Amino acid sequence: MFKTPEQFAAANKATVDSLLSLANTALASAERIAALNLNTTRSVIEDSVTNARAIAAAKDPQEAASIAASQVQPNVEKAVAYSRSVFEITAQTQEELSKMVESQFGEFQKTVSSLLDTAANSAPAGSEVAVAAVKSAIAAANSAFDNMNKAAKQVAEIAEANVAAATNAAVKATGAAATAATTKKK
């Protein structure tokens, strides 16, 4: 497979570099989610203290209920924003990892093709049929990989559109319910 130790070393280095790149991408994603979680937690605590103080300062139970009700919509919007951020980080990471896998698959295809050409040139007479069969199988595998990749991208796009529609509907429904509750109290 490898004609020289240098080729073997280069292949090993490429593999290690690929694995390191995958690990760095995964760690960067985890770091972004951890930062988002810390910031969200900090914000929730600050908002909770502010809201508790406002409710405690209310002059009567009706005012306290009104203050609590006024916080429903902003809290839902913050929850939706958090969910969108997590989804975006996850989608970006998936896209980066997919690009890396596609690139590695492309390199693998080139290597296998080169090896097949080398084998075909040094193969005994009459083995052209076997080499052609292997090349055909590789072409079919490449086609299947491409189709699978396209389908995965379509599923991701549909999922993203569905998440956006669902979160927008949740925000609107909560806003309408809050408005109706406020109107009913008056």
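Residues numbered from 1 in each chain as written. Predicted model: local features only at pLDDT ≥ 70, side-chain atom pairs only at ≥ 80, totals over all residues. Heavy atoms only, no water.

## Re the overall build of the chain
Inference 1: A count of helices and strands for the chain gives 4 helices and 0 strands.
Inference 2: Across the chain, helices and strands are ordered from the amino to the carboxyl terminus as α-α-α-α.
Inference 3: Put simply, the chain has 186 residues, and 14% of those count as buried.
Inference 4: A sequence separation of at least 24 residues applies to 77% of the contacts in the chain between residues at least 6 apart. (Helix = DSSP H or I, 4+ residues; strand = E, 2+ residues; numbered from the N terminus. Buried < 20%, exposed > 50% of the residue type's maximum accessible area, 1.4 Å probe, protein only. Contact = heavy atoms within 4.5 Å.)

## Some thoughts on the side chain of Q73
Inference 1: Relative to the elements of secondary structure, Q73 occurs in helix α3 (residues 72–122).
Inference 2: The class of Q73 is buried, set by a relative accessible area of 16%.
Inference 3: At 2.8 Å, the side chain of Q73 and the side chain of E77 are in polar contact. (Polar contact = N/O pair within 3.5 Å; in protein donor to acceptor, adjacent residues only side chain to side chain.)

## What to know about the pattern of salt bridges
Inference 1: Counted according to the given criterion, the structure contains 2 salt bridges.
Inference 2: Residue E95 is joined to K99 by a salt bridge in which the shortest nitrogen-to-oxygen separation is 3.4 Å. Residue E95 and its partner K99 are both found in helix α3; the two are separated by 4 residues, about one turn of the helix. (Salt bridge = Lys/Arg side-chain N within 4 Å of Asp/Glu carboxyl O.)

## Notes on the environment of T93
Inference 1: Along the chain, T93 falls in helix α3.
Inference 2: Considering only alpha carbons, one finds T93 and A28, 65 residues apart in sequence, at a separation of 8.7 Å.
Inference 3: One polar contact links the side chain of T93 to the main-chain carbonyl oxygen of I89, over a distance of 2.9 Å.

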